[in-house]
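Residues per chain, in single letters:
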Amino acid sequence: MTHITKAVDAAYTTIALAGTAHNSGRFAAQSPWDPVQMRVLEEDYDFDGIPGLKAAVVGDVDRPVATLSLMSESELQLTPFFQNWAKPQGLREACITKFVHTPDRIGLLGCTTRASRGGISIEEQHFLALLSPHLRRASLIGDLLDQGRVTTHLYRQALDHLAVPVVLTHANGAILHANAAAEQMFSVQGPILSRNGLLQAQNSMVARALLDAIASAASADASLGARGIGLPVSAQGQPPAVAYVLPLTEGTARAVFRPACAAVFISTTTSASPLPEAVLTTLFDLTPAEARVLLRIGSGLSASKSALSLGIGENTLKTHLNRIFAKTGTRRQADLVKLVSDIGTPLAAHGP
């Protein structure tokens, strides 16, 4: 929260997740600010009393709404909210982004600026829009384990009744708990395996990447979120299967599973497969542009046709290829075709 506040030069930042029924709160957090004034804000101002709040709630998901994009400075300064709450604290305007809106919940990210700075810029709004999908993923996946304040025993019972295979692991991939669906998957030898007490992917191409993702989750590595947490784990010729890695961080209800450091969810739903580019960036630390080139070359297209398909020059494509060869440990375009085929995911079916 503090990092977001600094990045957009705000006074403070808030995140709130509420149930739509009776507007019941499910989660709220903020960067440091006067707790007395924040309590006044919560208790004395309703949905219509805070400029810009209603517009954000009824607006589109992932679309930041800045107060001064809805009204002029003079109109804002005449509002009771500004006169009685914002102005005395030296505050100016807010930018609110709705990051989730489902039948049972709504989530908002808000940044409020000081009066000493200018209006919230387009670049700052774009930055907040980029954060929105990550917050949505956290709220929807994390909510599976954070809904109730129950005992560890009840949590484990809930996991065991899930149809989705779930494995709780140590930082090194050691299996600490596997629900019934995961045990069933182990018994049929795939697409995830239990070998000597360690979680492994049957697909050797991603076995190392899965353990690396678990280790990153255990250390709260920021790169995990930037690179995505979905990994293809099905072997070639098998139906798509994707492993999603979720950190079991301290300070949340998920900490009841400690000493487990990560939860690995296995999805065999085709529509749940990660985007092909996301798979490649995760496996080989490619840039999005390099991943797009690898997809084209890996599907069998020539360099010239790949460059034409991507709208780039052949020299640019060759630069990308050299970097791809270095990152994937390959030397020829034929190696890249085999690489994509060996991964055994929707990558191979991805057309130009």
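Anyway, here's the lowdown on the structure attached to this text. All figures in this text were calculated on a predicted structure; none of them were measured in a lab. (Residues numbered from 1 in each chain as written. Predicted model: local features only at pLDDT ≥ 70, side-chain atom pairs only at ≥ 80, totals over all residues. Heavy atoms only, no water.)

**Describing helix α12 (residues 288-298)**
Along α12, eight of the 11 residues are buried, which leaves the element largely enclosed by surrounding structure. Among the residues making up α12, those that are buried are E290, A291, V293, L294, L295, R296, I297 and G298. Following α12 by one or two positions, G300 has its phi on the positive side, about 105°. (Buried < 20%, exposed > 50% of the residue type's maximum accessible area, 1.4 Å probe, protein only. Helix = DSSP H or I, 4+ residues; strand = E, 2+ residues; numbered from the N terminus.)

**A look at the packing of aromatic side chains**
Tallied over the entire structure, the rule returns three aromatic pairs. Both rings, one in Y45 and one in F81, keep their centres 5.2 Å apart while their planes meet at 85°; by these two values the pair is edge-to-face. Of the two residues, Y45 sits in the loop between α2 (35-44) and α3 (53-58) while F81 sits in helix α5 (residues 80-86), which places them 36 residues apart along the sequence. When its relative accessible area of 19% is taken as the criterion, Y45 is described as buried. What makes F81 buried here is its relative accessible area of 11%. Three or more aromatic residues joined by ring pairs make a cluster, and in this case those are Y45, F81 and W85. (Phe/Tyr/Trp six-rings, centres within 6.5 Å; stacked < 30°, edge-to-face > 60°.)

**Comments concerning the pairing of strand β1 (residues 12-19)**
For β1, the tally of buried residues reaches six of eight residues, placing the bulk of the element in the interior. Across eight bridges, the pairing between β1 and strand β5 (residues 105-114) is antiparallel. Its bridge partner being in β5, A18 is matched across the sheet by I106. (Pairing = 2+ DSSP bridges.)

**Focus: the side chain of T328**
Within the secondary structure layout, T328 lies in helix α14 (residues 314-328). At 2.7 Å, the side chain of T328 and the backbone oxygen of I324 are in polar contact. There is a polar contact of 2.8 Å between the side chain of T328 and the side chain of T330. (Polar contact = N/O pair within 3.5 Å; in protein donor to acceptor, adjacent residues only side chain to side chain.)

**Section: the pattern of salt bridges**
For the structure shown, the criterion picks out seven salt bridges. Salt-bridge contacts for R136 lead to D62; the nearest nitrogen and oxygen are separated by 2.7 Å. Note that R136 is positioned in helix α6 (residues 122-146) and D62 in the loop between α3 and β3 (65-66), a separation of 74 residues in sequence. E124 is the partner of R117 in a salt bridge, and the nearest nitrogen-oxygen pair spans 2.9 Å. Both residues of the pair, R117 and E124, belong to the buried class. (Salt bridge = Lys/Arg side-chain N within 4 Å of Asp/Glu carboxyl O.)

**Re the pairing of strand β6 (residues 166-169)**
What you see with β6 is no split at all: V166 and L168 on one side and V167 and T169 on the other are buried throughout. Strand direction decides the pairing type here: β6 and strand β12 (residues 262-267), joined by four bridges, are antiparallel. From the neighbouring strand, V166 faces β12, where its bridge partner is F265. Hairpin connection between β6 and strand β7 (residues 175-178): a loop of five residues separates the two successive antiparallel strands, and G173 in this loop has a positive phi of roughly 90°.

**Focus: the nonpolar core**
When a protein is soluble and globular, its nonpolar side chains tend to lie buried together. Formed by 23 residues in total, the largest nonpolar core has its most connected members in I192, L199, L210, V245 and V264. Only α8 (180-187), β9 (198-201), α9 (204-218), β11 (242-247) and β12 provide two or more residues apiece to this core. Ranked by residue count, the leading element in this core is α9, at seven residues. Ranked by size, the runner-up nonpolar core spans 20 residues in total, among them Y12, Y45, V65 and F81. (Core = buried A, V, L, I, M, F, W, Y, C linked by side-chain atoms within 4.5 Å.)

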